[in-house]
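# Structure at a glance
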Amino acid sequence: MAGAEFSDAAVPRELLRRRAYNLRWAQQPDDVIPLTAADSDFPVSPAVRERLTQFVADGLFNYGPPEGLPEFRATLAQWYTERRGVPYEPTAVLATDSAAAAMTVVARASLAPGDEVLIPDPVDFLFEHAIRRAGAIPVRVPLAPKTTATDYVAALGARLTSRTRMVWLCNPHNPWGTVPTRRWLQAVARWAVRHRLRLLSDEVWADITYPPHRCTSVAALAPEIAAQTVTIYGFSKNFALAGLRVGAVLCTDPTWREEIVTAADVRSTAAGVSVLSQVAAVAAMQAGEPWLAEFLSHLRKQRDLVLGRLRRWPGVATRPPQGTFVAFPDLSRLDPDAEHLCQHFEHKAKVALVPGSPRWFGPGAAGHVRISFATSREILTEAFDRLDPVVFELASGR
Ligand SMILES: Cc1ncc(COP(=O)(O)O)c(C=O)c1O
């Protein structure tokens, strides 16, 4: 039956309570619904399960090549060529154990202590984390859904110093859910190239967009931009493989790539990506597209459900996400302290959300709350049914 993969019955709540960590089911009290970390509640595609089952049945788990299995590198290069119009060669691909790890490896390879990196404010905490782990300094550039390229470039320029080395972009953007247009990206990337700054484009959300919005790869903009850009990619959002920890760095510059491979420490075998995880990612790219299309159609309905429910809340402003499976409403009229508000929601409504606090997204997230909606219609409806009375009580000032 079409859509059965994403029916209410498809979410195995009891199993999630034992298996889903990172602020989710397994880490919450039994009566709490976690719309927290951006991780799907649905089992992965049949194509991935079948390929893994076959691989396990073969019984061979030997060392893989340091930079990734040949089929992983070739399939990802082809995937990027076909879907995003970036003609990556397999040699451009380095397998990493997650998009998060890919960012830390690029930071370690590309930055020296005291170097500065221009990042959006707000943005996922991993940006700041990766840069600080390299001893470098994240410099925040205010970004709102309506920030024009001209304004963003001006804000970048105002923060440019002799220590600035890179510009990092979240494309599509977590938590805003915006999908930057080609023009917007072009203006920003051209500015970076003109100032001899390297670019990092985190495209872990690239496949989760809602028409007419589409992710444009920064490396697809122009050859001179591609030469200065690394792309970060992953399989946690599009194919629900978060626990398999698999992602990649894509980089065309051979010297820079070599530095990244060295920083990753894969040739010593001290680091490296599980072959099983790479096999899952290959299966997802080769045979998971029909599942991904169903997932997107489910997510679109979930997004509309969230928007419809948020519209009923008095004084709450939100914009429809153009991509990602998170909504990021401004709830400051209910409570300007988002940490406090989320504690209140968890206590009173038994729904866990991510507060827009500096530790998660930066100061620019103040007053907002992030709601992940990659769950079933039933669970999302139940969460809003629980939140409504608490919100109305707060709004009425009681
Ligand atoms: C923008 C962004 N980058 C990276 C990641 C991490 O992805 P992974 O699970 O592959 O490490 C996330 C996860 O939420 C994200 O939102």
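Looking at an unreviewed UniProt entry, one finds the protein chain named Aminotransferase and attributed to Natronosporangium hydrolyticum. In the Cofactor (unreviewed entry) part of its UniProt record, the protein chain is described as follows: "pyridoxal 5'-phosphate".

### Re the pairing of strand β3 (residues 116-121)
Of all six residues making up β3, six are buried, and the element is well covered by its neighbours. Of the strand pairs in this sheet, β3 and strand β4 (residues 137-142) are connected by six bridges, and their pairing is parallel. In the strand pairing of β4, Glu-116 is matched with Ile-137. Traced from β3 through helix α5 (residues 125-133) to β4, the parallel crossover comes out right-handed.

### Structural notes on the pairing of strand β8 (residues 247-251)
In terms of burial, β8 is a largely internal element, five of the five residues being buried. Burial along β8 is two-sided: Gly-247, Val-249 and Cys-251 and Ala-248 and Leu-250, pointing in opposite directions, are all buried. Strand direction decides the pairing type here: strand β2 (residues 93-96) and β8, joined by four bridges, are antiparallel. In the strand pairing of β8, Val-93 is matched with Leu-250. Note that strand β7 (residues 229-234) and β8 share five bridges and pair antiparallel. Paired with Gly-234 across the two strands is Gly-247, which belongs to β8.

### What to know about the domain arrangement of the protein chain
Once the domains are mapped, the protein chain shows domain 1 (4-45 + 289-392) and domain 2 (63-287). Centre-to-centre, using C-alpha coordinates, domain 1 lies 26 Å away from domain 2. Taken over both partners, the interface formed by domain 1 and domain 2 buries close to 2800 Å², and the fraction arising from carbon and sulfur atoms is 61%. Broken down residue by residue, the surface that domain 1 buries against domain 2 is led by Glu-289, Gln-322 and Thr-324, which jointly contribute 24%.

### With respect to the packing of helix α3 (residues 70-84) against helix α10 (residues 275-287)
Contact geometry for α3 and α10: axes closest at 9 Å, N-to-C directions at 35 degrees. The two elements α3 and α10 cross, and the hand of that crossing is left-handed. For the pair formed by α3 and α10, the contact residues are Glu-71, Phe-72, Thr-75, Leu-76 and Trp-79 on the first element and Gln-278, Ala-281, Val-282, Met-285 and Gln-286 on the second. Of the residues in the contact of α3 with α10, the class split is six nonpolar, three polar and one charged.

### A short note on empty space enclosed by the protein
Empty space left among the atoms is revealed by rolling a probe the size of a water molecule over them. As enumerated under the stated definition, the model contains one cavity of 30 Å³ or more in all. In this structure, the largest cavity occupies an estimated 50 Å³ of space. If you go around the largest cavity, the residues you meet are Arg-24, Pro-34, Leu-35, Thr-36, Ala-37, Asp-39, Asp-41, Ser-372, Phe-373, Ala-374 and Thr-375. Partitioning the lining of the largest cavity into residue classes produces five nonpolar, three polar and three charged.

### Describing the nonpolar core
For soluble globular proteins, nonpolar side chains are generally found buried alongside one another. In terms of nonpolar packing, the biggest core is built from 111 residues, with Phe-72, Leu-76, Trp-168, Phe-235, Ile-260, Phe-295 and Phe-325 touching the most fellow members. Each of domain 1 (4-45 + 289-392) and domain 2 (63-287) accounts for three or more of the residues forming this core. One finds Val-141, Leu-169, Leu-199 and Ile-225 within the second-largest nonpolar core, a separate group that totals 29 residues.

### Concerning the layout of surface pockets
Considered as a void within the structure, the largest pocket measures approximately 1300 Å³ in volume. The set of elements that each furnish at least two residues to the lining of the largest pocket consists of α1 (13-19), α2 (46-58), α4 (99-110), α5 and α13 (358-361). Tallied by class, the residues present in the lining of the largest pocket amount to 29 nonpolar, six polar and 10 charged. In this structure, the lining of the largest pocket is formed jointly by two domains, domain 1 (4-45 + 289-392) and domain 2 (63-287), each of which donates at least three residues. A volume near 500 Å³ is recorded for the second largest pocket. Around the second largest pocket sit 33 residues that line it, and Thr-178, Val-179, Pro-180, Thr-181 and Gln-322 are the ones nearest its centre. Every element with two or more residues in the lining of the second largest pocket is listed here: α3, β5 (164-170) and α7 (182-194). When residues of the lining of the second largest pocket are assigned to their parent elements, the largest contribution, three residues, is made by α7. Residues from two domains meet in the lining of the second largest pocket; each of domain 1 (4-45 + 289-392) and domain 2 (63-287) gives at least three.

### Concerning the packing of aromatic side chains
Summed over all chains, the structure comprises 19 aromatic pairs. Judged by centre distance (6.0 Å) and plane angle (65 degrees), the ring pair of Phe-72 and Phe-235 falls under edge-to-face. Taken together, the residues span a long stretch of sequence, with Phe-72 in helix α3 and Phe-235 in the loop between β7 and β8 at a distance of 163 residues. Like Phe-72, the residue Phe-235 is buried in the burial classification.

### What about the sheet that holds β5?
Within a sheet, neighbouring strands are paired by backbone hydrogen bonds and run either parallel or antiparallel to one another. Here we have seven strands laid out as an open sheet, ordered β2-β8-β7-β6-β5-β3-β4, and mixed in their pairing. On the outer flanks of this sheet lie β2 and β4, each paired with one strand and no other. Within this sheet the neighbouring strands show an average axis-to-axis angle of 25 degrees, counted without direction. Those strands touched by α4 are β2, β5, β6 (198-202), β7 and β8, and its axis lies near 155 degrees from that of β7. Running at roughly 145 degrees to β4, helix α6 (residues 149-158) makes contact with β3, β4 and β5 of the sheet.

Rules of the game
- In this numbering scheme, every chain counts its residues from 1 along its sequence in written order.
- Where local features are concerned, this predicted model is filtered to residues with pLDDT of at least 70; where side-chain atom pairs are given and counted, the filter is 80 or more; whole-chain, interface and lining totals use all residues.
- Heavy atoms from the whole structure form the basis of all side-chain values; hydrogens and water molecules are not counted.
- UniProt positions are given in the numbering used here, feature names are shortened, and annotations may be inferred rather than shown by experiment.
- Each residue is placed in one exposure class: buried if its accessible area under a 1.4 Å probe, protein chains only, is under 20% of its type's maximum, exposed if it is over 50%, and partly exposed if it falls in between.
- To qualify as a helix, a DSSP run of H or I must reach at least 4 residues; to qualify as a strand, a run of E must reach at least 2; elements of each kind are numbered from the N terminus.
- Strand pairing requires that DSSP identify at least two bridges connecting the strands.
- A right-handed crossover is one whose linking path, passing over the helix from the first strand to the second, runs clockwise when the strands point away from the viewer.
- All domain edges in this entry derive from an automatic or database-based domain assignment.
- Buried area, as used here, totals the accessible surface that two parts lose on assembly, with accessibility defined by a 1.4 Å probe and the loss added over both.
- Each axis is a line fitted through C-alpha atoms, taken for helices only over the stretch in contact, and angles between the N-to-C directions span 0 to 180 degrees.
- The handedness criterion is simple: a crossing whose near helix is rotated anticlockwise from the far helix by less than a right angle is left-handed, and one whose near helix is rotated clockwise is right-handed.
- The contact definition used throughout considers only heavy atoms, calling two residues in contact when any of these lie within 4.5 Å.
- Only Asp, Glu, Lys and Arg are considered charged in this grouping, and only Ala, Val, Leu, Ile, Met, Phe, Trp, Tyr, Cys and Pro are considered nonpolar; every other residue, Gly among them, is considered polar.
- Cavities and pockets are found on a 1 Å grid laid over the protein atoms alone: a cavity is a set of points where a 1.4 Å probe fits but cannot escape, a pocket is an open set with protein on both sides within 12 Å along at least five of seven lines, and a lining residue has an atom within 4 Å of such a point.
- Grid points are joined across faces, edges and corners, and a volume is the space filled by probe spheres set on the points.
- Grouping buried Ala, Val, Leu, Ile, Met, Phe, Trp, Tyr and Cys residues that are joined through side-chain atoms within 4.5 Å yields what is termed a nonpolar core.
- Stacked, tilted and edge-to-face are the three classes applied to pairs of Phe, Tyr and Trp rings, where Trp contributes its six-membered ring and a pair requires centres within 6.5 Å; stacked means planes under 30 degrees apart, edge-to-face means over 60, and tilted covers the rest.

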